[in-house]
Amino acid sequence: MTLNEVVVPGARDVRASLDDPEEPTDTAVVACPPHPQFDGNRSDNRLVALADYLTERGVACLRFDYGDWDEGYGEREDARNALRWARERYDSVGIFGFSFGGAIATLAGVDETADAIALLAPASRLTTELDAAAALDDVEVPLKVLYGTRDDTADWEPLAERAKELGFETEEFSADHFFIGQEAKVAGRLGEFLVESL
């Protein structure tokens with residue numbers, strides 16, 4: 001695996017790490033970190049575990065840091081810009097998000113028509129306007145939600161329930177919000193979905 005530093009074009013200062021597989025690839029996944037005000041960044045264990053899984057299977061992974069805090073609005077734009085950057089370079093592009101990043105991935109994935117969306121313990125809504133659960137109605141690509149049954153940190157239930165109603169794939173783990181010690185297992189379940197969907 002090769003790790004490259006990337007500056008994502010846009011009005012905000014967004015830095016990223018591109019995990020490249022050994023062989024050239026035409027497939028990539030953009031990974032959205034958890035809440036930046038709670039130390040959420042591209043080095044999050046769950047994002048790194050997913051990147052490792054993907055690169056071992058020939059898929060690149062772009063893990064980015066959000067720009068300055070902007071109540072979710074700027075962060076959504078950061079994810080959109082990361083998707084646009086990836087779309088210019090790869091034929092097939094998915095998006096992944098954990099926690100706050102799950103809501104961001106849903107919203108940006110709809111706006112920029114990602115080819116697949118994978119969500120880990122996603123927040124259902126950031127603001128009245130940034131409603132990820134409602135945005136699921138506009139998803140027309142494969143989507144999977146994985147959540148922990150003991151998660152009392154993120155308000156994931158409305159999004160997971162709406163995903164089930166719409167016939168999207170959902171999976172539960174016996175875990176809290178952080179999946180401590182289960183990062184590789186969780187990354188494998190969502191990574192497998194992304195590899196198959198892309």
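Computed from a predicted model, the values in this text were never measured in an experiment. (Residues numbered from 1 in each chain as written. Predicted model: local features only at pLDDT ≥ 70, side-chain atom pairs only at ≥ 80, totals over all residues. Heavy atoms only, no water.)

*Asks:* In this structure, what is going on with the sheet that holds strand 2 (residues 14-20)? I would like to understand it.
*Replies:* Working definition: the strands of a sheet are paired by backbone hydrogen bonds and lie parallel or antiparallel to each other. Taken together, the eight strands give an open sheet; going across it, the order is 1-2-4-3-5-6-7-8, and neighbouring strands pair in mixed fashion. Sheet topology places strand 1 (2-8) and strand 8 (169-173) at the edges, where each strand pairs with a single neighbour. Pairs of neighbouring strands in the sheet enclose a mean axial angle of 20°, with direction left out of account. Strand direction decides the pairing type here: strand 2 and strand 4 (residues 60-64), joined by four bridges, are antiparallel. Bridge pairing in strand 4 links Ser17 to Arg63. Contacting strand 2, strand 3 (27-32), strand 4, strand 5 (92-98) and strand 6 (117-120), helix 1 (residues 45-56) runs over the sheet at an angle of about 165° to strand 4. The strands that helix 5 (residues 157-165) touches are strand 6, strand 7 (143-148) and strand 8; relative to strand 7, the one it contacts most, it runs at about 140°. (Pairing = 2+ DSSP bridges. Helix = DSSP H or I, 4+ residues; strand = E, 2+ residues; numbered from the N terminus. Axes fitted to C-alpha atoms, helices over the stretch in contact; angles between N-to-C directions. Contact = heavy atoms within 4.5 Å.)

*Asks:* So what exactly am I meant to see when it comes to the nonpolar core here?
*Replies:* For soluble globular proteins, the rule of thumb is that nonpolar side chains tend to be buried together. Among the nonpolar cores identified, the biggest contains 42 residues, and Val30, Phe64, Ile95 and Leu143 are the most heavily contacted of them. If sequence neighbours within four positions are ignored, Phe64 has contacts with Val14, Arg15, Ala16, Val30, Ala31, Cys32, Pro33, Arg42, Asp78, Ala79 and Ala82. Grouped together as the second largest cluster of nonpolar side chains are 25 residues, Leu47, Ala49, Leu50 and Ala116 included. (Core = buried A, V, L, I, M, F, W, Y, C linked by side-chain atoms within 4.5 Å. Buried < 20%, exposed > 50% of the residue type's maximum accessible area, 1.4 Å probe, protein only.)

*Asks:* Whenever I open this one, the pattern of salt bridges confuses me. Can you help?
*Replies:* Oppositely charged side chains are able to pair whenever their charged atoms sit close together. Scanning the model with the defined rule gives 21 salt bridges in all. A salt bridge links Arg63 to Asp19, with the shortest nitrogen-to-oxygen separation between them at 2.7 Å. Here Asp19 lies in strand 2 and Arg63 lies in strand 4, a separation of 44 residues in the sequence. Accessibility assignment for this pair places Arg63 and Asp19 in one class, buried. Between Glu171 and Arg189 there is a salt bridge; the shortest N-O distance is 3.1 Å. A residue pair is termed long-range when its members are at least 10 positions apart, and Glu171 in strand 8 and Arg189 in helix 6 (residues 183-197) qualify at 18 residues. With relative accessibility at 18%, the residue Glu171 sits in the buried group. Among the ionic contacts, a cluster of salt bridges with common partners joins Glu77, Arg80, Arg84, Asp111 and Glu112. (Salt bridge = Lys/Arg side-chain N within 4 Å of Asp/Glu carboxyl O.)

*Asks:* Where do I start with helix 3 (residues 100-111) in this structure?
*Replies:* For an α-helix, 3.6 residues make a turn, and residues three or four places apart therefore share a direction. Over its 12 residues, helix 3 extends 17 Å from the first C-alpha to the last, a length consistent with the 16 Å expected when each residue adds 1.5 Å. Judged by how many residues are buried, helix 3 sits mostly within the fold: 10 of 12 residues are covered. Listing the buried residues of helix 3 in full gives Phe100, Gly101, Gly102, Ala103, Ile104, Ala105, Thr106, Leu107, Ala108 and Gly109. Once helix 3 ends, the next one or two residues include Thr113, with phi positive near 50°. (Expected span 1.5 Å × (residues − 1).)

*Asks:* Could you clarify how one ought to interpret the layout of surface pockets in this entry?
*Replies:* If a probe the size of a water molecule is rolled over the atoms, the empty space left behind becomes visible. Of the volumes computed, that of the largest pocket is approximately 310 Å³. Partitioned by chemical class, the residues of the lining of the largest pocket number eight nonpolar, five polar and five charged. (1 Å grid on protein atoms, 1.4 Å probe; cavity = no way out; pocket = protein on both sides within 12 Å on 5 of 7 lines; lining within 4 Å. Points joined across faces, edges and corners; volume = space filled by probe spheres on them. Nonpolar A, V, L, I, M, F, W, Y, C, P; charged D, E, K, R; others polar.)

*Asks:* Is there a simple way to think about the pairing of strand 3 in this case?
*Replies:* Consecutive side chains of a regular strand alternate in pointing toward one face of the sheet and then the other. Among the six residues in strand 3, six count as buried, and that is most of the element. On strand 3, burial covers both faces: Thr27, Val29 and Ala31 on one face and Ala28, Val30 and Cys32 on the other are all buried. Bridge analysis of strand 3 against strand 5 gives six bridges, and the strand direction is parallel. Bridged to Ala31 within strand 5 is Phe96. Note on the crossover from strand 3 through helix 1 to strand 4: the handedness is right-handed. (Right-handed = clockwise from strand over helix to strand, strands pointing away.)

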